[in-house]
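Each chain, written out:
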Amino acid sequence: MEELNEPLSKAIIRFIEDHPPKTMKRNFFLLFVDYIYTLKGGTPNDLDNILFDFKELFILLDKIEDEIGKRGKEIST
């Protein structure tokens, strides 16, 4: 998928505006920590998959945050 169609692009932008990446990262991290804590020392069988997905999600959220920061600087200059 090289380009996003307009409805999908608008939906993603609206989602990002309503759910700031920094807040999402913090909330997902806290949710993950609470989840692991409830396991009382055990680990889920699919922990590797969960960790990989969280890592990839956090990388994406970081990229979105960086892009928002760049656009904010462009507007202020």
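Since this is a predicted model, take the numbers as computed values, not measurements.

**Q** I'm lost on the packing of aromatic side chains in this one. Help?
**A** Scanning the model with the defined rule gives 3 aromatic pairs in all. Between phenylalanine 32 and phenylalanine 54, the aromatic rings sit 5.0 Å apart at their centres with planes inclined by 50 degrees, giving tilted as the arrangement. Taken together, the residues phenylalanine 32 in helix H2 (residues 21-38) and phenylalanine 54 in helix H3 (residues 47-76) connect sequence positions 22 residues apart. Taken together, a centroid distance of 5.8 Å and an interplanar angle of 65 degrees make the contact between phenylalanine 54 and phenylalanine 58 edge-to-face. Taken together, the residues phenylalanine 54 and phenylalanine 58, both in helix H3 and 4 residues apart, mark about one turn of the helix. The class for phenylalanine 58 is partly exposed, based on a relative accessible area of 22%.

**Q** For this particular structure, what's the right way to read the confidence of the model for the protein?
**A** As a general rule, the predicted coordinates of low-pLDDT regions are not to be interpreted in detail. On average, residues of the protein carry a pLDDT of 88, and 92% of them reach 70 or more. Ranking the elements of the protein by mean pLDDT puts H3 last with 88 and helix H1 (residues 6-18) first with 93.

**Q** Before we go on, may I ask you to explain the pattern of salt bridges in this structure?
**A** On inspection of all chains with the given rule, the structure shows 4 salt bridges. Here lysine 25 makes a salt bridge to aspartate 62, at a shortest N to O gap of 2.4 Å. Taken as a pair, lysine 25 in helix H2 and aspartate 62 in helix H3 lie far apart in primary sequence, 37 residues in all. Look at lysine 25 and you get buried, because its relative accessible area is 18%. Classification of aspartate 62 as partly exposed rests on a relative accessible area of 33%. Measuring nitrogen to oxygen at the nearest pair gives 3.6 Å for the salt bridge that ties lysine 70 to glutamate 67. Taken together, the residues lysine 70 and glutamate 67, both in helix H3 and 3 residues apart, mark about one turn of the helix. Look at the salt bridges and you will find they share partners, linking Lys25, Asp62 and Glu65 into a network.

**Q** Before we go on, may I ask you to explain a nonpolar patch on the surface in this structure?
**A** On the surface, Leu4, Leu8 and Ile12 cluster together to form a nonpolar patch covering roughly 220 Å² of accessible area. Mapping isoleucine 12 onto the fold places it in helix H1.

**Q** Just checking my understanding: could you explain H2 for this structure?
**A** Side chains that are three or four residues apart share a direction in an α-helix, a result of its 3.6 residues per turn. For H2, spanning 18 residues, the distance from its first C-alpha to its last is 26 Å, which sits close to the expected 26 Å at 1.5 Å a residue. Those residues of H2 lying buried are Pro21, Met24, Lys25 and Phe32. Summarising the axial view, the buried residues of H2 lie within an arc of 100 degrees, below the 170-degree limit, and thus occupy one face. Exposed side of H2, more than 90 degrees from the buried face: Lys22, Leu31, Asp34, Tyr37 and Thr38 are the residues found there. Positioned one or two residues after H2, lysine 40 has a phi angle of 55 degrees, which is positive.

Thresholds applied
- Residues numbered from 1 in each chain as written.
- Predicted model: local features only at pLDDT ≥ 70, side-chain atom pairs only at ≥ 80, totals over all residues.
- Heavy atoms only, no water.
- Phe/Tyr/Trp six-rings, centres within 6.5 Å; stacked < 30°, edge-to-face > 60°.
- Helix = DSSP H or I, 4+ residues; strand = E, 2+ residues; numbered from the N terminus.
- Buried < 20%, exposed > 50% of the residue type's maximum accessible area, 1.4 Å probe, protein only.
- pLDDT = per-residue confidence, 0-100.
- Salt bridge = Lys/Arg side-chain N within 4 Å of Asp/Glu carboxyl O.
- Patch = residues over 30% accessible without salt bridge, like charges linked within 9 Å, V, L, I, M, F, W, Y side chains within 5 Å.
- Areas by Shrake-Rupley, 256 points an atom, 1.4 Å probe, with all protein chains shown as cover.
- Expected span 1.5 Å × (residues − 1).
- Arc of directions from axis to C-beta.

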